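One-letter residues, chain by chain:
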Amino acid sequence: MTAEMMCTRLLTLLKPHAVKRNLPQICSARFSSLRRQHENIITAFRQPGSCFNKSDDHEQTIWSPSLAGHNYGRRFFSFTPAGIVNAAPASVQPYLRLMRLDKPIGTWLLYLPCTWSIGLAADPGCLPDLRMLALFGVGALLMRGAGCTINDMWDKDFDRKVSRTASRPIASGEITQFRALVFLGGQLSLALGVLLCLNYYSIALGAASLSLVVTYPLMKRITYWPQFVLGLTFNWGALLGWSAVKGSCDWSVCLPLYVSGVMWTLIYDTIYAHQDKDDDLKVGVKSTALRFLENTKLWLSGFTGAMLSGLVLAGVNADQTLPYYCAVSAVAIHLAHQIYAVDINRPEDCWKKFASNRNLGLLLLLGIVTGGLWKKRNDDQYETQLNSISN
């Protein structure tokens, strides 16, 4: 082709009507290419086992790729409990799920009664012992994990028959009974290390709770009140926290607080048990949800009255002040709304109301701490009055 012919061809392509004629085809081809790329990315995200397709029993977590940088295969870390578990090596994930690290609500419910007791034991005008709060936090994480491991070892056959629990590591075969037993030994050894940091009275008191931890999972086979035994187990920290700070238990404070915690567990775990009542009937497992059925709200109201009475008595015996009783009043309102609003025939609503008890426990802790700090303020006012009278 001569130079003249090439110039003629170029001028023809650059004419306005030629551009108008060719532009739609160019744009259409480019758009189709981009659409195919997008569909390929979405298909990859939805593949089973993809790091972008993770879920647990109650919620789904989406792992978003960096589209701007086209890092489509990259796995991004999330600081949520589920994100931490998903970011762990594949061989470790079943053990983290066995100890329910991805569902921390149980750890909170075990830890909070400990914090109440530690807070009530604080000196007037002082914050709770931060070292004790940290120790009990680690202990709660380990003991909750150990309790879940024991529970799953006992209940592996039941769990396989219940849709919500069929995917648990032991029930699904991801972890053998022997490996679970070894893992349990490791958790209990670490928990013992935490316990040995306390005084001798507290070591003996803490060791006494192990029998409850081991036998609780059997109660659902024997009685319709396994939630009561869970309450005895989960609220042991209401006794242990005070003794760890003071060296022994003041039963006038610790016992009402412990009873209040047991009543609280009966409330939230009965609501929780309503999620599984149909499956429990099929497999022959008992619970307070099946015991109470349509009378559940009446029973829960009675437990609420007992819980609030215990909190008031514990506060009086601990010389608590106005902020504490304001918090107890707020707890009463929270429980009243929880019981009134819960739909016991909707599992998702039962879970929502159950999980809200973490906020209830934190609210009471706030009242205990501010009530303890308020004591110093009252003491200062009393000293000022005495000085003014003497002068």
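Refer to the structure presented above.
Here's what I pulled together on the structure shown here. (Residues numbered from 1 in each chain as written. Predicted model: local features only at pLDDT ≥ 70, side-chain atom pairs only at ≥ 80, totals over all residues. Heavy atoms only, no water.)

With respect to the side chain of Arg-164
Phase 1: Assignment of secondary structure puts Arg-164 in the loop between α7 (156–159) and α8 (169–172).
Phase 2: Polar contacts involving the side chain of Arg-164 include one to the side chain of Asp-276, which spans 2.4 Å. (Helix = DSSP H or I, 4+ residues; strand = E, 2+ residues; numbered from the N terminus. Polar contact = N/O pair within 3.5 Å; in protein donor to acceptor, adjacent residues only side chain to side chain.)

Considerations on empty space enclosed by the protein
Gaps left between atoms show up when a probe the size of a water molecule is rolled over them.
Phase 1: Within the structure shown, the criterion is met by 1 cavity of 30 Å³ or more.
Phase 2: Here the largest cavity is characterised by a volume of approximately 40 Å³.
Phase 3: Each residue belonging to the lining of the largest cavity can be placed in one class, and the counts come to 4 nonpolar, 3 polar and 2 charged. (1 Å grid on protein atoms, 1.4 Å probe; cavity = no way out; pocket = protein on both sides within 12 Å on 5 of 7 lines; lining within 4 Å. Points joined across faces, edges and corners; volume = space filled by probe spheres on them. Nonpolar A, V, L, I, M, F, W, Y, C, P; charged D, E, K, R; others polar.)

Some points on the packing of aromatic side chains
Phase 1: For the structure on display, the rule yields 15 aromatic pairs.
Phase 2: Seen in terms of ring centroids, Tyr-324 and Tyr-325 are 5.2 Å apart; in terms of plane orientation they differ by 85°. Their pairing is edge-to-face.
Phase 3: Accessibility expressed as a relative area gives 1% for Tyr-324, which makes it buried.
Phase 4: Tyr-325 sits in the partly exposed class, given a relative accessible area of 25%.
Phase 5: Ring geometry for Trp-351 and Phe-354: centres 5.5 Å apart, planes at 45°, overall tilted. With Trp-351 and Phe-354 both in helix α20 (residues 347–355) and 3 residues apart, the pair spans about one turn of that helix. Comparing Trp-351 with Phe-354, the two get one shared label, buried.
Phase 6: Aromatic rings pair up to connect Trp-116, Trp-264, Tyr-268, Tyr-272, Trp-351 and Phe-354 into one cluster.
Phase 7: Sitting over the ring of Trp-242, Lys-246 keeps its end group 6.0 Å from the ring centre.
Phase 8: In this structure, Arg-358 is placed above the aromatic ring of Trp-108, and the distance from its NZ or CZ to the ring centre is 5.8 Å. (Phe/Tyr/Trp six-rings, centres within 6.5 Å; stacked < 30°, edge-to-face > 60°. Buried < 20%, exposed > 50% of the residue type's maximum accessible area, 1.4 Å probe, protein only. Lys NZ or Arg CZ within 6 Å of the ring centre and 35° of its normal.)

Quick look at a nonpolar patch on the surface
Phase 1: Residues Tyr-201, Trp-251, Leu-255 and Val-259 make up a contiguous nonpolar surface patch of roughly 360 Å² in combined accessible area.
Phase 2: Broken down by element, the nonpolar patch gets its largest block of residues, 3 residues, from helix α15 (residues 251–273).
Phase 3: With respect to the secondary-structure elements, Tyr-201 resides in helix α10 (residues 200–208). (Patch = residues over 30% accessible without salt bridge, like charges linked within 9 Å, V, L, I, M, F, W, Y side chains within 5 Å. Areas by Shrake-Rupley, 256 points an atom, 1.4 Å probe, with all protein chains shown as cover. Salt bridge = Lys/Arg side-chain N within 4 Å of Asp/Glu carboxyl O.)

With respect to the packing of helix α5 (residues 105–120) against helix α14 (residues 237–246)
Phase 1: As a packed pair, α5 and α14 sit with axes 7 Å apart at the nearest point and diverge in direction by 35°. Remark: the crossing between α5 and α14 carries right-handed chirality. Taking contact as the criterion, the partners of Pro-113, Cys-114, Ser-117, Ile-118 and Leu-120 in α5 are, on α14, Gly-237, Ala-238, Gly-241, Trp-242 and Val-245.
Phase 2: Residue classes in the contact of α5 with α14 are distributed as 7 nonpolar, 3 polar and no charged. (Axes fitted to C-alpha atoms, helices over the stretch in contact; angles between N-to-C directions. Left-handed = near helix turned anticlockwise from the far one by under 90°. Contact = heavy atoms within 4.5 Å.)

Any functional reading would require information that these geometric values do not contain.
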